[in-house]
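Take a look at the letters that make up each chain.
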Amino acid sequence: MDNRLGTGTTGEEKAKEYRANTDEYIRPICLVQVERTGKDQRSARYIHAEDVHEYLVKVCGIPEEQVAIKTSEKDDIEGLDLFDRDCQVRYIITKQALQEGWDCAFAYVLTILTNPSSQNSLTQLVGRILRQPFARKTKVKELDESYVFCFQQRGRDLLENIRTGFKQEGLADLAGRVVSDSGFEGEGVEQGEKIVEMRERFRKFSGKILLPVFVKREGDSWQRVSYEMD
């Protein structure tokens with residue numbers, strides 16, 4: 001769980017390079033879904049929010065101000081502007097609090113430490129990391145993709161659940177863009193991005209917006225239909 005975007009390159013580094021080149025600020029955030037959050041629910045059988053918090057801070061050396069817990073009992077991000085350049089949060093630990101009604105375009109990485117039984121809830125959770133900062137691509141590969149890491153599910157099964165969920169939500173075009181890293185045994189990249197060139201006869205229309213109109217025949221010519229007159 002190191003908020004890694006791409007092989008061997010952290011999203012933080014890529015975001016800093018992008019800011020230096022464009023002056024646009026992006027701070028990649030990793031969402032971590034755990035099994036338990038309540039004070040009385042901490043045990044060795046389940047992965048608790050405090051377990052993850054301690055691991056990130058004590059084992060990974062993440063500064064404590066960069067790790068937040070978002071649950072019904074504890075809300076470290078309440079009142080925070082996650083888009084603010086002075087905000088330090090880079091990891092948000094939750095169970096279900098971010099599945100609906102929450103949106104942060106800086107959320108890039110989802111780490112699933114549970115075994116989701118609901119396909120719908122999984123689709124909602126993945127949806128939290130699909131927003132593009134500033135609603136446009138950066139043209140930096142690592143910053144134009146979202147990443148999902150899982151612990152208790154096989155990568156292939158998780159992929160199929162995500163794809164099926166997108167299709168059921170009417171997002172079949174996104175389902176075709178969900179691919180696995182070659183790190184899963186027996187799996188490779190199943191579908192890459194295809195660049196479609198513009199056909200020659202349409203090149204003269206490049207950069208223009210053409211809208212259909214209603215016309216009527218008058219003698220040897222065509223006239224645009226007027227709503228008021230016709």
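Residues numbered from 1 in each chain as written. Predicted model: local features only at pLDDT ≥ 70, side-chain atom pairs only at ≥ 80, totals over all residues. Heavy atoms only, no water.

**Q** Looking at this structure, I do not really get the sheet that holds strand β1 (residues 29-33). What am I missing?
**A** For sheets, the rule is that strands pair by backbone hydrogen bonds, running either parallel or antiparallel. Taken together, the five strands give an open sheet; going across it, the order is β2-β3-β1-β4-β5, and neighbouring strands pair in parallel fashion. What marks the edges here is a single partner per strand, and that holds for β2 (67-70) and β5 (147-150). Across the sheet, the mean angle from the axis of one strand to that of its neighbour is 20°, orientation sign disregarded. In terms of strand pairing, β1 meets strand β4 (residues 107-112) through five bridges, oriented parallel. Counted as the bridge partner of Ile29 is Ala107 from β4. (Pairing = 2+ DSSP bridges. Helix = DSSP H or I, 4+ residues; strand = E, 2+ residues; numbered from the N terminus. Axes fitted to C-alpha atoms, helices over the stretch in contact; angles between N-to-C directions.)

**Q** What is the right way to read helix α1 (residues 11-22) from this model?
**A** At 3.6 residues per turn, the α-helix brings residues three or four places apart onto the same side. Between its first and last C-alpha, α1 extends 16 Å over twelve residues, near the 16 Å set by a 1.5 Å rise per residue. For α1, the full list of buried residues reads Gly11, Ala15 and Tyr18. Buried residues in α1, looked at end-on, bunch into an arc of 60°, giving them a common side. In α1, those exposed residues whose orientation departs by more than 90 degrees from the buried face are Lys16, Ala20 and Asn21. (Expected span 1.5 Å × (residues − 1). Buried < 20%, exposed > 50% of the residue type's maximum accessible area, 1.4 Å probe, protein only. Arc of directions from axis to C-beta.)

**Q** How should I be thinking about the side chain of Asp144 in this particular structure?
**A** Relative to the elements of secondary structure, Asp144 occurs in the loop between α3 (119-127) and β5. Of the side chains with opposite charge, Lys137 comes closest to the buried, unpaired Asp144, at an N-O distance of 5.6 Å. Separated by 3.1 Å, the side chains of Asp144 and Gln132 make a polar contact. Apart from residues lying up to four places away in sequence, Asp144 is in contact with Gln132, Lys137, Thr138 and Lys139. (Lys, Arg positive; Asp, Glu negative; His and termini not counted. Salt bridge = Lys/Arg side-chain N within 4 Å of Asp/Glu carboxyl O. Polar contact = N/O pair within 3.5 Å; in protein donor to acceptor, adjacent residues only side chain to side chain. Contact = heavy atoms within 4.5 Å.)

**Q** How should unusual backbone geometry be read in this particular structure?
**A** Note: most residues except glycine have negative phi, and most peptide bonds are trans. At Asp23, a residue that is not glycine, the phi angle is positive and equals roughly 65°. Along the chain, Asp23 turns up in the loop between α1 and β1. Its identity as a non-glycine residue notwithstanding, Lys139 has a phi of 70°, on the positive side.

**Q** How do you make sense of a nonpolar patch on the surface when you look at a structure like this?
**A** Taken together, the side chains of Met198, Phe202, Phe205 and Leu210 make up a nonpolar region of the molecular surface, amounting to roughly 360 Å² of accessible area. With respect to the element layout, Phe202 can be found in the loop between α5 (172-175) and β6 (215-218). Of the residues examined, Phe202 reaches a relative accessible area of 32% and is grouped as partly exposed. (Patch = residues over 30% accessible without salt bridge, like charges linked within 9 Å, V, L, I, M, F, W, Y side chains within 5 Å. Areas by Shrake-Rupley, 256 points an atom, 1.4 Å probe, with all protein chains shown as cover.)

**Q** What exactly am I supposed to notice about the confidence of the model for the protein here?
**A** The predicted coordinates ought not to be read in detail in places where the model reports low pLDDT. On average, the protein scores 78 in pLDDT, and the residues at 70 or more come to 73%. Here residues 1-9 is modelled with pLDDT under 50, and outside its nearest four sequence neighbours on either side it reaches 30 contacts, counting other chains as well. Contacts from residues 183-191, a stretch scored under 50 in pLDDT, to residues over four places away or in other chains number 18 contacts. (pLDDT = per-residue confidence, 0-100.)

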